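Notes for the structure review
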Amino acid sequence: METRRLASAVATANRPALSTGVVEPGERRGPTSAAGRRASIEGTVLADRVYRWAVLAFALCIPLLLLVIFVEVGRAGWPALRQFGFAFLTTSVWDPVAGEFGAAPAIVGTILTSLIALLIATPLALGGAIFLSDFSPSWLRQPLSFLIDLLAAVPSVVYGLWGVFVLLPLLRETVMPFLRDTLHLGATPFFSGPAYGPSLLAAGLILSIMVLPYVAAVSREVLLAVPRAQREAALALGATRWETITGAVLPYARSGIIGGVILGLGRALGETMAVTMVIGNRHELSASLFAPGYTMASLIANEFTEATSDIHLSALMAVGFVLLLITLSVNGIARWLVWRTGGRRA
Amino acid sequence: MTDSATIDSTPRPSAARDAPTALETRRLHAWFGATAAVRDVTLGFPTQEVTAIIGPSGCGKSTLLRCLNRMHETVPLARVAGEVLFFGRDVYGPGVDPIALRRQVGMVFQRPTPFPTMSIRDNVAAGLRARPGERLGRREVDAVVERALRHAALWDEVKDRLGGSATGISGGQQQRLCIARALASEPQVLLLDEPTASLDPLSTQKVEELVYELRQSMTVVIVTHNMQQAARVSDRTVFMLAGEMIETADTGTMFTAPSDSRTEAYITGRFG
Amino acid sequence: MTTPVAAEHRHRARVRGRGLARRRGTSVTMIALTCVAAAIAIVPLLLIFGYLLREGAGALSVDFFTNMPRPVGETGGGMANAIVGTLILVGIASTVGLPVGIGAGLYLAEHGGTRVANLVRFLADVLNGLPSIVMGIFAWQFLVRPFGHFSALAGGAAIGAMMIPLVTRTTEEMVRTVPGSLREAALALGYPRWRTSLQIVLRTALGGIVTGVLVAVARVAGETAPLLFTAFGNQFWSTNVTEPIAALPLQVFVYAISPYDEWHAQAWAGALVLIALVLLISVLARVAVRARHGRPND
């Protein structure tokens, strides 16, 4: 009895008689019901509107943030850009004391180290991805993918630490002498000069390790997205397994893989900590990979807190702005290429 | 003319001659973009009776049902014209809150949709709303949950696991849970869109018995593609074809002596 | 006695056979090379983890977790302030990154193909590719320069901004997996749209969203560059968010480039703790997914 009474009390509480616009059987429409009706309609619609505007506002934070970053960094770098003009990008004199700033070494260093990274990482990443997608035994696939992806989870500073204490000595004592003497590459300008360790080569090597998982992941996705029919058709025509890859799979996946490579490039361009720890941090335009150098990111990291004058700071900001422009364009191209082959975003 | 009250053993409040029917459509049209799904349907659903809507796939019966509780408009590019009267009041008229309407007109869908992150108890209570200014105490909610589960013939099966996940019970039980959830707020009308289409025969039977019982407390409209089901549970039947209402009659007459030839063709299985 | 025609056929078959053998040989070689490539790819990983364990474990002790950095020459220094600092920074980052990320993800999931949504999605990807050093100098320009001092808030905001694209993408994907029938059922019960989105849809997708958040946190906890000019680092204990604050990756960096061997050892230990933290969070993310699907809800 008690339960039933409680239940019906709740039931009447749940029957929104007066507070809605819907009329109960037998209820007369009067001024009170009209007022109650209006309140609840407005209440619901208001909450819905608040929700819609709130999520829109949050979503618009993203374009807003990008815009603000662009504007602020550009504004801060503008004095230096205006003062030095286009020469900022081409001169190699960086003298805070004299107030002369040319970012060419940093820009060239960025491009060089990233290219080295890609040259080393791409065959390894692509080879590994091909192995994973087509030739690896199924029990190996997951663990191997996991390990390669794990490379991407290692923080940059840890790479740098390892680079300083493991890679640099290795380079100085083993690899560089090997390249210079055993392979006689020391005769070329690219491997000449003193080899103390910190160098463009070291930065390129570290970057290649950091970039590898990204190229591998995108390549893997894109290769897996190639329909089985392509592979089967090639095999049916008498191709060997390798010829299936080169003839049927790779051409299909080509733009996606290139997209992945360019994505890796984008990452390499912006890498800071590991690079600044192994590159030597010297404003020097040298043809030799054994020489220390700079990248835009490591330049900023190294000098920002010590910036002596306003123009010095502005020059660093300008370098940041140039880096921003370059990485945005590169990433944009990469995403477009990956999207074109239908590979999922990495 | 014998009074229906003396023939029927279940007591039914006799409908006053002038009281408005629970649901009624007047010249109802419904579109998805440019496609007309419901064309000019004028139809009454008698209070505290079960009305079945039958017809071949694509005839618009589900769309018609969804117009009754203003669910049709939740789909993009959906349009409605005409009137739907809920106890005499046009639900598409100015000042009517669709949300309040949906609390008075409950709906159960073809596939069971328990909320996966809620327990059985919380699922049933999901539709309960306190009056503004009041709070629902736990005991009151528990009482409502029990009542609704009993009403849906599910109480005995789940009473020891009310706190368990709602997805851990069988499909038939989940559908009855959804019915209990719709019943918890004691709607005046219950709309069922092919509720047993994805259930096994035993669960189907339980749901049909339930639907037959529900007429004592509410008006029921059930869309079904199963004519035998319509014959078993409904008092009146409506036949629809290509968006139009072809015929409506009490169930017995509809299945024994339909007046339209198209109805007869459908019922005898010549198409559909 | 062989006819010239038969001889010709046999010769052709032999040539073809040699050609096929060569092609097969190439195939096997190349496949072996891809296997080698995959092996070489994971060598650095093994090397790094190996050295981390060897060098870092040696310097780890209870002191490391409980003590403050000590001057060179004194033993028993630790990185307690840096560990706590990282936790605080991640907390601040979450207050910035989560609301925007989840809100934007909800918006994208519910308004999928509109022009605004596509633009936002594209720009989120762009933001993801922004170099962390650029985020650092922006945060300095925007949150440090006007106030005249470094602060944990600026650092937290910088890495919080970096969390946004990751959280947005995960939220959108997870919300999309919630079947439309669930949303319909809620609407039919009389739920207003906002309650449907938040209490039903978002709640159903929450497990996956939490995973995505944890992954974003793991990624962001290891960032150093944005903190260089915002949080700046602090040799002393500080939990004041308006002051510079120590952070694990920052400390590792400073110690690594220092000339002192003891600090080098501490850097290895710090790096080990950092990697352990990142891996722990990633594992937690995976476990969280399984737990949500396993246990009965109350």
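Every value quoted in this text rests on a predicted model; they were computed, and no experiment measured them.

The rules behind each value
Residues numbered from 1 in each chain as written. Chains lettered and ligands numbered in written order. Predicted model: local features only at pLDDT ≥ 70, side-chain atom pairs only at ≥ 80, totals over all residues. Helix = DSSP H or I, 4+ residues; strand = E, 2+ residues; numbered from the N terminus. Buried ≥ 20, exposed ≤ 12 C-beta atoms within 10 Å, placed from the backbone. Contact = placed C-beta atoms within 7 Å. Nonpolar A, V, L, I, M, F, W, Y, C, P; charged D, E, K, R; others polar. pLDDT = per-residue confidence, 0-100. Domains from an automatic or database assignment. Pairing = 2+ DSSP bridges. Axes fitted to C-alpha atoms, helices over the stretch in contact; angles between N-to-C directions. Core = buried A, V, L, I, M, F, W, Y, C linked by C-beta atoms within 7 Å.

For the rest of this paragraph, the subject is the overall build of chain A. Counting its regular elements, chain A contains 12 helices and 2 strands. Counted from the first residue to the last, chain A has its helices and strands arranged as α-α-α-β-β-α-α-α-α-α-α-α-α-α. Every one of the 346 residues in chain A was classed for burial, and the buried ones make up 49%. Counting only contacts in chain A whose residues sit at least 6 apart along the sequence, the fraction spanning at least 24 positions is 74%.

If you look at the interface, chain C gives 15 residues, while chain B gives 22 residues. Secondary-structure elements contributing two or more residues to the side of chain C that touches chain B are α7 (180-188) and α8 (193-221) of chain C. No other element matches α7(C), which puts 6 residues into the side of chain C that touches chain B. Among the residues forming the side of chain C that touches chain B, the class breakdown is 8 nonpolar, 4 polar and 3 charged.

Residue and element names in this part refer to chain B. Phi angles above zero are rare outside glycine, and L77 is one such case at about 65°. Inspection of the secondary structure assignment puts L77 in the loop between α2 (61-68) and β4 (78-86). By C-beta crowding, L77 is classed as exposed, having 9 other C-beta atoms within 10 Å. Positive phi is not limited to glycine here, since E186 has a value of about 50°. Assignment of secondary structure puts E186 in the loop between α7 (171-183) and β7 (189-193).

The next thing to look at is α2(B). All names here are of chain B. For α2, the buried fraction is high: 8 of the 8 residues fall into the buried class. Inspection of α2 places K61, S62, T63, L64, L65, R66, C67 and L68 among the buried residues, and these make up the whole buried set. Looking at the residues trailing α2, positive phi occurs at R70, about 60°.

The next subject is the confidence of the model for chain A. Fine structural detail should not be taken from predicted coordinates in areas where pLDDT scores are low. Confidence in the prediction for chain A averages 82 pLDDT; 85% of positions are at 70 or higher. Predicted confidence is poor over residues 1-43 of chain A, with pLDDT under 50, and the contacts of this stretch with residues over four places away or in other chains come to 57 contacts.

Glancing now at the domain arrangement of chain C. For an interface, size is often stated in terms of accessible area lost upon the parts coming together. Residues and elements named next belong to chain C. According to the domain assignment, chain C contains domain 1 (4-59) and domain 2 (66-293). Its C-alpha centre places domain 1 at a distance of 41 Å from the equivalent point of domain 2. In this complex, domain 1 contributes 7 residues to the contact, which on the side of domain 2 involves 7 residues. When its residues are assigned to classes, the side of domain 1 that touches domain 2 shows 4 nonpolar, 2 polar and 1 charged.

Turning next to the interface of chain C and chain A. With 66 residues of chain C at the contact, the number on the chain A side is 71 residues. Counting residues per element, the side of chain C that touches chain A draws most heavily on helix α1 (residues 4-59) of chain C, which supplies 18 residues. Split into classes, the residues belonging to the side of chain C that touches chain A amount to 50 nonpolar, 12 polar and 4 charged.

All right, on to the sheet that holds strand β3 (residues 50-54) of chain B then. Residues and elements named next belong to chain B. Read across the sheet, 6 strands follow the order β6-β7-β8-β3-β9-β10 without closing on themselves; strand pairing throughout is mixed. This sheet does not close on itself; its edge strands, each paired only once, are β6 (105-108) and β10 (244-250). When the angles between neighbouring strand axes are averaged without regard to direction, this sheet yields 15°. As defined by bridge partners, strand β9 (residues 236-241) adjoins β10 across 6 bridges and the pair is classed as antiparallel. Its bridge partner lying in β10, T237 is registered against A249. Docked against the sheet, α7 engages β6 and β7, running at close to 170° with respect to β6.

For the rest of this paragraph, the subject is the pairing of strand β8 (residues 219-223) of chain B. Every other side chain in a regular strand lies on the same face of the sheet, so the side chains alternate between the two faces. Residues and elements named next belong to chain B. When you tally the buried positions in β8, you get 5 out of 5 residues, the bulk of the element. Residues of β8 alternate between two faces, with T219, V221 and V223 on one and V220 and I222 on the opposite face, all of them buried. As paired elements, β3 and β8 share 4 bridges and run parallel to each other. Note on β8: the bridge partner recorded for I53 is V223. Summarising the sheet, β7 and β8 pair through 5 bridges and their orientation is parallel.

Another point: the environment of S288(A). Residues and elements named next belong to chain A. Structurally, S288 is set in the loop between α10 (273-278) and α11 (296-303). By C-beta crowding, S288 is classed as buried, having 21 other C-beta atoms within 10 Å. Taking the C-alpha atoms as reference points, S288 and F135, separated by 153 residues in sequence, lie 39 Å from one another. Non-local contacts of S288, meaning those with residues more than four positions away in its chain, are made with P189, F190, F191, S192 and G193.

Residues I206(A), V278(A) and V319(A) are the most contacted members of the largest nonpolar core, which totals 278 residues. Here the element with the most residues in this core is helix α7 (residues 200-225) of chain A; it accounts for 18 residues. Structurally, this core is a two-domain feature, drawing no fewer than three residues from each of domain 1 (4-59) and domain 2 (66-293) of chain C. V319(A) has contacts with A103(A), A106(A), M296(A), L299(A) and I300(A), leaving out every residue within four places of it along the chain.

Right, let's get into the confidence of the model for chain C. All names here are of chain C. For chain C, per-residue confidence averages 88 on the pLDDT scale, and 95% of positions sit at 70 or higher. Scored below 50 in pLDDT, residues 294-298 shows 9 contacts in the model against residues more than four places distant or in partner chains. The complex prediction reports pTM at 0.83, with the ipTM value standing at 0.87.

Hydrogen bonds between backbone atoms are what pair the strands of a sheet, whose relative direction is either parallel or antiparallel. Residue and element names in this part refer to chain B. A sheet is described by the order of its strands in space; here 4 strands give the open sequence β2-β1-β4-β5, paired in antiparallel fashion. Strands with a single pairing partner mark the edges of an open sheet, and in this sheet they are β2 (35-45) and β5 (89-90). Sheet topology places β4 next to β5; 2 bridges connect them, and they run antiparallel. By the bridge assignment, L85 is partnered in β5 with D90. Relative to β2, α2 is tilted by about 65°, and along the sheet it contacts β1 (23-32), β2 and β4.

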